[in-house]
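# Structural overview
Listed below are the residues making up each chain.
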Amino acid sequence: MEKIEHTTISTNGINMHVASIGSGSVILFLHGFPDLWYSWRHQLLSFAALGYRAIAPDLRGYGDSDAPQSPESYTILHIVGDLVGLLDSLGVDRVFLVGHDWGAIVAWWLCMIRPDRVKALVNTSVVFNPRNPTVKPVDKFRALFGDDYYICRFQEAGEIEEDFAQVDTKKLITRFFVSRNPRPPCIPKSVGFRGLPDPPSLPAWLTEQDVSFYGDKFGQKGFTGGLNYYRAMNLSWELTAPWAGLQIKVPVKFIVGDLDITYNIPGTKEYIHGGGLKKHVPFLQEVVVMEGVGHFLQQEKPDEVTDHIYGFFEKFRTRKTSSL
């Protein structure tokens, strides 16, 4: 881990912390919530050893990157803009791209808006969902799962932060990371995240050192930056109307755990395996469902995920993807 370099890049009006290691073709790794560059620690080391330059930023609002206060500063256009500016600052024209959770959503949109900057994509956990022209995303989730659904609970500024503050940060992170319940997470206000039970012990893939790293960073920064991604969802929906109906036209591999809550949202399995995803992502080449694996698959099964990513990107490492 000490071989990983840490720098700060000025991009799109913020300072972004970037972890990187290695040399060669560039892979850009994007994390989700509640996460950091650190979620890709295993992949950074592995891909450096495999002859790649591996880069993982703390996204806007997280870790050692700047965190604007207003939710309006967290639209998908802001985040994609941050990444384009990052690549420009590093002098990188095109990258191999990997995303997870919110990082997966950002990755889909980077490919949508700036396909010229992406050689190929391995996305995990969150499928591409085309923009519904009649229903805003938060309204959709509220209709499906009710006001207690976690995305709906995250909307009110300050409310969920107060709930989180009543729990030790390290315990809170652990609850997020080790959950094995694939059902939609609905948290009544009367219970709150403070009322969720602690796991009996840490799984083998998550150490006390890992939990301390996350706990320290979120203890310093707070969760507002990450929560603002959810609070900007409806605004992002409004701003992305010009791209409605466009397809993702880069080569794609999609990976998900069968215990991931995202995979178990009603209709998602049918959408993935019934041709719906392929319709919107025509260059989708592989779909992998990892059995017995939860949401944080890149940490839970780091070697397997690395092998999946490496096997896919090697196909495109020495040839032009523009012919596809």
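The structure displayed is predicted, hence computed values, not measured ones.

## Some words on the sheet that holds strand 4 (residues 52-57)
Pairing is mixed in the open sheet, where eight strands are placed in the order 1-2-4-3-5-6-7-8. In this open sheet, the two strands that pair with only one neighbour each are strand 1 (5-11) and strand 8 (284-290). With direction set aside, neighbouring strand axes in the sheet form an average angle of 20°. Here strand 2 (residues 14-22) runs beside strand 4; their pairing, made up of five bridges, is antiparallel. By the bridge assignment, Ala 19 is partnered in strand 4 with Ala 56. Here helix 1 (residues 41-49) sits on the sheet in contact with strand 2, strand 3 (25-30) and strand 4, set at roughly 160° to strand 4.

## Some remarks on the state of the cysteines
Counted under the stated rule, the structure contains zero disulfides. Looking at Cys 186, it has no disulfide partner, and the nearest cysteine sulfur is the one in Cys 152, 8.3 Å off. Look at Cys 186 and you get partly exposed, because its relative accessible area is 35%.

## Some thoughts on unusual backbone geometry
Of the consecutive residues Phe 33 and Pro 34, the connecting peptide bond is found in the cis state with omega at -10°. Tracing the chain through its elements places Pro 34 in the loop between strand 3 and helix 1. The backbone phi angle of Asn 12 is positive, close to 55°, even though this residue is not glycine. With respect to the secondary-structure elements, Asn 12 resides in the loop between strand 1 and strand 2. Here Asn 12 falls in the partly exposed class, since its relative accessible area comes to 43%. Phi is positive for Asp 101, close to 60°, though the residue is something other than glycine. Mapping Asp 101 onto the fold places it in the loop between strand 5 (95-100) and helix 3 (102-113). Owing to a relative accessible area of 10%, Asp 101 belongs among the buried residues under this scheme.

## Regarding the pairing of strand 2
Counting buried positions along strand 2 gives seven out of nine residues, so the element sits mostly inside the fold. Across seven bridges, strand 1 lies against strand 2 in antiparallel orientation. Bridged to Thr 8 within strand 2 is His 17. Taking the residues that link successive antiparallel strands as the turn, the strand 1-strand 2 hairpin has two residues, and the phi of Asn 12 there is positive, at about 55°.

## Description of the packing of aromatic side chains
Counted according to the given criterion, the structure contains 38 aromatic pairs. Here Arg 131 stacks its cationic end above the ring of Trp 237, 4.3 Å away from the centre of that ring. One cation-aromatic arrangement involves Lys 140 over Phe 141; the distance from NZ or CZ to the ring centre is 4.8 Å.

## Focus on the nonpolar core
Core analysis: the biggest nonpolar cluster contains 102 residues, and Phe 29, Leu 44 and Phe 313 have the highest contact counts within it. A total of eight residues in this core trace back to one element, the largest contributor, which is helix 3.

## A short note on the side chain of Asp 58
By the secondary structure assignment, Asp 58 is in the loop between strand 4 and helix 2 (76-90). Although buried, Asp 58 forms no salt bridge, and the nearest oppositely charged side chain, Lys 217, lies 6.3 Å from it. A polar contact is formed between the side chain of Asp 58 and the side chain of His 17, at a distance of 2.8 Å. At a separation of 3.0 Å, a polar atom in the side chain of Asp 58 contacts the main-chain amide nitrogen of Trp 37. Sequence-distant contacts of Asp 58, defined by excluding residues within four places in its chain, comprise Met 16, His 17, His 31, Leu 36, Trp 37, Gly 63, Asp 64 and Ser 65.

## A word on the packing of helix 1 against helix 14 (residues 302-313)
The angle between the axes and the distance between the axes are what describe a pair of packed helices. Close contact between helix 1 and helix 14 brings their axes to 10 Å; oriented N to C, the two are set at 50°. With respect to helix 14, the axis of helix 1 lies oblique. Of the two possible hands of crossing, helix 1 and helix 14 adopt the one that is right-handed. On the side of helix 1, the interface is formed by His 42, Gln 43, Ser 46 and Phe 47, while helix 14 contributes Pro 302, Val 305, Thr 306, Ile 309 and Tyr 310. Here the residues of the contact of helix 1 with helix 14 are counted per class, giving five nonpolar, four polar and no charged.

## Describing the UniProt feature "domain: AB hydrolase-1" (unreviewed entry) in the protein chain
The positions that UniProt labels "domain: AB hydrolase-1" (unreviewed entry) are, in the present scheme, residues 26-135. The distance from the first to the last C-alpha atom of residues 26-135 is 37 Å, and the span holds 33% helix and 22% strand.

## Focus: the environment of Ser 20
Within the element layout of this structure, Ser 20 appears in strand 2. A relative accessible area of 10% places Ser 20 in the buried class. Each C-alpha atom, one on Ser 20 and one on Arg 53, is 7.1 Å from the other, the two residues being 33 residues apart in sequence. Those residues within four positions of Ser 20 in sequence are excluded, and the remaining contacts are Ile 4, Glu 5, Ala 54 and Ile 55.

Conventions and cut-offs
- Residues numbered from 1 in each chain as written.
- Predicted model: local features only at pLDDT ≥ 70, side-chain atom pairs only at ≥ 80, totals over all residues.
- Heavy atoms only, no water.
- Pairing = 2+ DSSP bridges.
- Helix = DSSP H or I, 4+ residues; strand = E, 2+ residues; numbered from the N terminus.
- Axes fitted to C-alpha atoms, helices over the stretch in contact; angles between N-to-C directions.
- Contact = heavy atoms within 4.5 Å.
- Disulfide = S-S within 2.5 Å.
- Buried < 20%, exposed > 50% of the residue type's maximum accessible area, 1.4 Å probe, protein only.
- Phe/Tyr/Trp six-rings, centres within 6.5 Å; stacked < 30°, edge-to-face > 60°.
- Lys NZ or Arg CZ within 6 Å of the ring centre and 35° of its normal.
- Core = buried A, V, L, I, M, F, W, Y, C linked by side-chain atoms within 4.5 Å.
- Lys, Arg positive; Asp, Glu negative; His and termini not counted.
- Salt bridge = Lys/Arg side-chain N within 4 Å of Asp/Glu carboxyl O.
- Polar contact = N/O pair within 3.5 Å; in protein donor to acceptor, adjacent residues only side chain to side chain.
- Parallel < 35°, antiparallel > 145°, perpendicular 65-115°, else oblique.
- Left-handed = near helix turned anticlockwise from the far one by under 90°.
- Nonpolar A, V, L, I, M, F, W, Y, C, P; charged D, E, K, R; others polar.
- UniProt positions renumbered as here; feature names shortened; annotations may be inferred.

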